[in-house]
Amino acid sequence: MLDPSDAAPEISATNQHGETVSLAFDEPTVVYFYPKDFTGGCTIQANDFQDALPEYRDAGVTVYGVSLDDVESHADFADEEGVEFDLLADPDGDLAAAFDLDTSEGYTDRITFLLADGAVVETYDPELADPEGHAREVLDDARALGA
């Protein structure tokens, strides 16, 4: 797993709308990896970030969710849960590999990265079973960056 002060990887992926998104980590950015669409903890986490999304946007912070699910699954999940931020499809595990995350079990652990100025600022390992409140913690840290 990438650690704070490690250089941010250069990555591109397809979002739930079928659009290719290239991530530049010059500005504060949250990339959160989660195990699977439509599971309990992942739904809580997505809703948590969605609920805080206006505050993230006001703070100038971009949010991306990533799992090994495909574009169609992300589209269905985003539609059902009302997710407005990009969910990036990583079916081959390329994004996970760029962040040095293990995919050997067919999913990634729930890990969040706060990045800015081309580097990892902080990493988070929220409780797998109950990630509620995690988005607020990350937002508070992003604000402390002066975002």
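Our subject is the structure that appears above.
Just so it is clear, the structure is predicted and the values come from calculations on it, not from any experiment.

S.K.: I tried to follow the pairing of strand 6 (residues 111–116) on my own but got confused; where do I start?
M.R.: Side chains on a regular strand alternate between the two faces of the sheet. With respect to burial, strand 6 is a largely interior element, six of its six residues being buried. Side-chain alternation along strand 6 places Ile-111, Phe-113 and Leu-115 on one buried face and Thr-112, Leu-114 and Ala-116 on a second face that is also buried. Where strand 3 (residues 29–33) lies against strand 6, five bridges are found, and the strand directions are antiparallel. Bridge pairing in strand 6 places Phe-33 opposite Ile-111.

S.K.: Which parts of the structure should I look at to understand helix 4 (residues 134–144)?
M.R.: Since one α-helical turn is 3.6 residues long, residues separated by three or four positions face the same way. All of the buried residues in helix 4 are His-134, Ala-135, Val-138, Leu-139 and Ala-142. Each buried residue of helix 4 sits inside an arc of 130° when the element is viewed along its axis, so together they form one side. Close packing links the buried residues of helix 4 with strand 3, helix 1 (40–58), strand 6 and strand 7 (119–124).

S.K.: Would you take a moment to explain the pattern of salt bridges for this structure?
M.R.: Pairs may arise between side chains of opposite charge once their charged atoms sit close together. In this structure the tally under the stated criterion is four salt bridges. Across the pair Lys-36 and Asp-69 runs a salt bridge, and its minimum N-O distance is 3.1 Å. With Lys-36 in the loop between strand 3 and helix 1 and Asp-69 in the loop between strand 4 (62–67) and helix 2 (71–81), this pair connects stretches of sequence that are 33 residues apart. A relative accessible area of 45% means that Lys-36 is categorised as partly exposed. A relative accessible area of 8% places Asp-69 in the buried class.

S.K.: Is there a simple way to explain the side chain of Ser-73 in this structure?
M.R.: As for its position among the elements, Ser-73 is in helix 2. Setting aside residues no more than four positions away along its own chain, Ser-73 makes contact with Asp-37 and Phe-38.

S.K.: How should the nonpolar core be read in this particular structure?
M.R.: When a protein is soluble and globular, its nonpolar side chains tend to lie buried together. By size, the foremost hydrophobic cluster in this structure holds 23 residues, and its most contacted members are Val-30, Tyr-32, Phe-49, Tyr-56, Val-63, Phe-85 and Leu-87. A total of six residues in this core trace back to one element, the largest contributor, which is helix 1. Those residues in contact with Val-30, other than ones at most four positions away along the chain, are Phe-49, Tyr-56, Val-61, Thr-62, Val-63, Tyr-64, Thr-112, Phe-113, Leu-114 and Val-138. Listed in part, the 20 residues of the second largest apolar core include Ile-11, Val-21, Phe-25 and Tyr-64.

S.K.: Hey, could you run me through unusual backbone geometry in this one?
M.R.: If a residue is not glycine, its phi is most likely negative; likewise, a peptide bond is most likely trans. Look at Asp-100: it is not a glycine, yet its phi comes out positive at around 60°. Residue placement: Asp-100 occurs in the loop between helix 3 (94–98) and strand 6. Although it is not a glycine, Asp-117 sits at a positive phi angle of roughly 50°. Relative to the helices and strands, Asp-117 is located in the loop between strand 6 and strand 7.

S.K.: For this particular structure, what's the right way to read the environment of Asp-48?
M.R.: You can see Asp-48 is positioned in helix 1. Along the backbone, Asp-48 and Glu-10 are 38 residues apart, and their C-alpha atoms lie at a distance of 27 Å. Residues contacting Asp-48, with those up to four places away along its chain left out, are Pro-131, Glu-132, Gly-133, His-134 and Ala-135. Among the polar contacts made by the side chain of Asp-48, one reaches the main-chain amide nitrogen of Ala-135 at a distance of 3.2 Å.

Criteria and thresholds
- Residues numbered from 1 in each chain as written.
- Predicted model: local features only at pLDDT ≥ 70, side-chain atom pairs only at ≥ 80, totals over all residues.
- Heavy atoms only, no water.
- Buried < 20%, exposed > 50% of the residue type's maximum accessible area, 1.4 Å probe, protein only.
- Helix = DSSP H or I, 4+ residues; strand = E, 2+ residues; numbered from the N terminus.
- Pairing = 2+ DSSP bridges.
- Arc of directions from axis to C-beta.
- Contact = heavy atoms within 4.5 Å.
- Salt bridge = Lys/Arg side-chain N within 4 Å of Asp/Glu carboxyl O.
- Core = buried A, V, L, I, M, F, W, Y, C linked by side-chain atoms within 4.5 Å.
- Polar contact = N/O pair within 3.5 Å; in protein donor to acceptor, adjacent residues only side chain to side chain.

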